[in-house]
Structures are given as C-alpha cells and as structure tokens.
Amino acid sequence: MGIFEIFLFFCRISAVTFGGGIVMLGMVQLEAEKRGDIPADELADMVSLAASMPGPMAVSISWLFGRRYHGVAGAVAGVLGAITPPFLTVLILTPIILKYSDVPQVRGFFHGVLAGTSAIITVVVVKNVKTALSAGWWNVVPFALVIAMIGVFKIHPLITILVVIALQFLRERAVSR
Amino acid sequence: MSTVLSLALAFAQVGIGAFGGGLSTLPLIEYQLVTHTGWLTHEQFNQVLAMSQVTPGPIAINAATFVGYQQAGVLGSFFSTLALVAAPLAALCIVLAILDRAPAEKSKKFKLLLRPLVAGLLTLSLLSPLRATVDNGIYAITLFAVGLLLMVKVKFFKENPPALLFVFGLAGIFLLS
C-alpha cells in the first residue's frame, strides 16, 4: 500500500464510521482482512494494542497500520486520513450549530438525537458492566471507585483514571505473586 | 494566543486520559469543557454529544473541533484537534519503543485490567444525556424508552445505531420543538 493509498484507506473508513471507538477498529480489521496482505494474528495484535492505548482508537489504529507499511510517513498519512473527515465535517457544522442552536426545530432535533443516544449508551453500559463485573469479584472495586471518585467526590477524571490503573497494576502484582 | 494554548492543554489531557475509546471519554471531556473551564454549558455539551453521534469520527475529535472553533476560530479548531491526537500518539510511541518485543500479550492483559475502569466511565457518561432527556419532558422520555426497545429488539438498529439517531432527530423536530 502506498502512502497516499493509506491516507485514502482511513479517509474512506473514517467518513462512514459514526461514533468512533470499537466500531472503527472492527471496520479496519474487516477491510484489512479483505486485502489480505497483513497476517490475521498480526492484525489482531494491532487492534488489541490500539484498544488498550489512550486516545481515540481511530487514531492509534491508523498510526499502527500506516507504520506497518511505511514507517513514520505511513503512520502520519494514516492518522491524517482518519481525522480529516470528522474534522472537516464538524468545522463546517459548528458555525451553523452555533448560529441556529436557539431555533426550536434545531433544539428539537438535538433533543431527539439525545434521547436516542441515552438509549444507545444504556445498552452499551449494561453490556459492559455485566462483562466487567462477571469476570471476578475484585472488579467491583475499581468499578465502584471510578464512579465514587468522579461522580460523588468530583475528583479530576484524569487523576482518577491514573489512580485506578495504578491500583489495578498493584493488585495484579499482588495476585500473581 | 493564550486561548489556543489552554485549548491545546485541555485537549492533550483529554487525549491522554481517553482509555476505552468513544463514550467512556465523556466524563473527562465533560469535566474539561464544562466543569473546569466553563467553555460549554450543560445544554451545549449535550448538543456536542448529540452532534458527535450523527457525524463521522470519535466524539473526542468532534468535541475538539467544535470547542476549538467556538473559542478561537479555525486556528483553535486545528490546534485542539492536533493536541488531542498528538498527546496519545506520543504515549503510543513510547510504549512501542519499550514493548517492541511482545506488545500483544501485554496489551491483552492490560485491556482486561482496564475493563472495570471503562465500565465505570461508561456508567458516568450516561448521567448527562439521561438527565437532559428526563428534563426534556414526557415525549423525550418516551423516545428514550422506544429507543431502548428498538436497540434490543430490532436487528437493523442494533447494527446501525446512527440510523436510529437520525429517525429520532426527525421525530424530535416534530415532538420536542
């Protein structure tokens, strides 16, 4: 895959992927499997690493993928491809939204979308909480800690996240000893 | 200039703390943009959330482009998005340099450690849109309930959540404006 082709590959996927995250990883895996020039297990490793790194997954997977073909130049091309469609779309929409956000129909549209978003998040939450908590009794501790620190004690989410990750590492070390 | 700098700093933090991707980033975005800086009102935050669900790309990129523009025009948009992307990529490069041997196994284990953390963050991310939906009245609450039903029962919407959101946006124009 050439450098410009990498850019187009991620442009195309990113332009039709709404919401980002896991969906984007799945799309990249699917499209790359179709091409067949990266072994499946190597691809799975890239997806797994992208999912465990901070930052939008679209960004980390396009970096890893582009890097696999053309080093840093390919990585940059991949990331640019992934962020150009959302960047341009929102750049065009923002002035319009800011100008018309008080029009009742515009508000109505957003309130409708928000009601649907709440439903989607609820489904995602139920699924994730079930999986996380059924994996072992300990998982209740980090789960509850995150909600208490951010939701109740209003501690900076970034500090909370780092504290909980550190706690998870300590626990992992204690258990495996 | 100082606005652009504080935008970049705020979004670099969002990028670094964005574990789990997508919706689990919401508590951190909300903290940075609403609680800490006051750049967005709760109503605007929910609008950005709704918009991000019907535009391509991850919510963090959509939020960076939107708030960057709102605070400092196209330049603000550009540097907010750049900071959001560059900070986690720097982390990724460090990890790649350290873990060049066997990143796959380690990242899989790390992903398991992240799971309860992400579940907690997702739960928190539900608060703002759900509260807004309840405040938007009986039609919005009904839409939410219908949305839950459609997401669980109808295969088409399960596989294409954005389609549900567009339908709900249209419904919102008539019911909620």
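Note that the structure is a prediction, hence the values are computed from the model and not measured.

Draft legend 1. Structural detail: the overall build of chain A. The helix and strand inventory of chain A stands at 7 helices and 1 strand. Shown N-terminal to C-terminal, the secondary structure of chain A runs as helices and strands in the order α-β-α-α-α-α-α-α. Its C-alpha atoms give chain A a radius of gyration of 20 Å, clearly above 16 Å, the size a compact globule of 177 residues would have. A principal-axis box enclosing the C-alpha atoms of chain A has dimensions of 55 × 45 × 25 Å. Relative to its 177 residues, chain A shows a buried fraction of 46%.

Draft legend 2. Highlighting the domain arrangement of chain A. Here the domain parsing of chain A yields domain 1 (3-100), domain 2 (104-135) and domain 3 (136-177). Inter-centroid distance (C-alpha atoms) of domain 2 of chain A to domain 3 of chain A is 24 Å.

Draft legend 3. Molecular detail of the interface of chain B and chain A. Contact residues are listed per partner, giving 83 residues for chain B and 77 residues for chain A. It is helix H5 (residues 103-125) of chain B that provides the largest number of residues to the side of chain B that touches chain A, a total of 19 residues. For the side of chain B that touches chain A, the residue count by class is 55 nonpolar, 25 polar and 3 charged.

Draft legend 4. Highlighting the confidence of the model for chain B. For chain B, mean pLDDT is 91; residues scoring 70 or higher make up 97% of the total. Interface confidence for the predicted complex, given as ipTM, is 0.91, next to a pTM of 0.90.

Draft legend 5. Here's a closer look at the packing of helix H3 (residues 42-53) of chain B against helix H4 (residues 59-98) of chain B. All names here are of chain B. Orientation of H3 relative to H4, taken along the N-to-C sense of each, is 125°, at an axis distance of 9 Å. One element, H3, and the other, H4, form an angle in the oblique class. Our pair here, H3 against H4, has a crossing hand that is right-handed. Where H3 abuts H4, its residues Val48, Leu49, Met51 and Ser52 lie against Ile59, Asn62, Ala63 and Phe66. Here the residues of the contact of H3 with H4 sort into 6 nonpolar, 2 polar and no charged.

Draft legend 6. Region of the structure containing the nonpolar core. Within the largest apolar cluster, 105 residues are counted, with the highest numbers of intra-cluster contacts made by Ala50 and Ile61 of chain A together with Ala60, Ala63 and Leu84 of chain B. The greatest single-element share of this core, amounting to 17 residues, is contributed by H4 of chain B. The contacts of alanine 60 of chain B, once residues within four sequence positions are left out, are Pro56 of chain A together with Val14, Gly15, Ala18, Thr25, Ile29 and Leu84 of chain B.

Draft legend 7. Main features of the packing of helix H1 (residues 3-15) of chain A against helix H4 (residues 57-100) of chain A. Residue and element names in this part refer to chain A. Contact geometry for H1 and H4: axes closest at 8 Å, N-to-C directions at 35°. H1 and H4 meet at a crossing whose hand is right-handed. Here the residues of the contact of H1 with H4 sort into 16 nonpolar, 8 polar and no charged.

Reading the values: the criteria
- Residues numbered from 1 in each chain as written.
- Chains lettered and ligands numbered in written order.
- Predicted model: local features only at pLDDT ≥ 70, side-chain atom pairs only at ≥ 80, totals over all residues.
- Helix = DSSP H or I, 4+ residues; strand = E, 2+ residues; numbered from the N terminus.
- Rg over C-alpha atoms; globule rule 2.2 N^0.38 Å.
- Buried ≥ 20, exposed ≤ 12 C-beta atoms within 10 Å, placed from the backbone.
- Domains from an automatic or database assignment.
- Contact = placed C-beta atoms within 7 Å.
- Nonpolar A, V, L, I, M, F, W, Y, C, P; charged D, E, K, R; others polar.
- pLDDT = per-residue confidence, 0-100.
- Axes fitted to C-alpha atoms, helices over the stretch in contact; angles between N-to-C directions.
- Parallel < 35°, antiparallel > 145°, perpendicular 65-115°, else oblique.
- Left-handed = near helix turned anticlockwise from the far one by under 90°.
- Core = buried A, V, L, I, M, F, W, Y, C linked by C-beta atoms within 7 Å.

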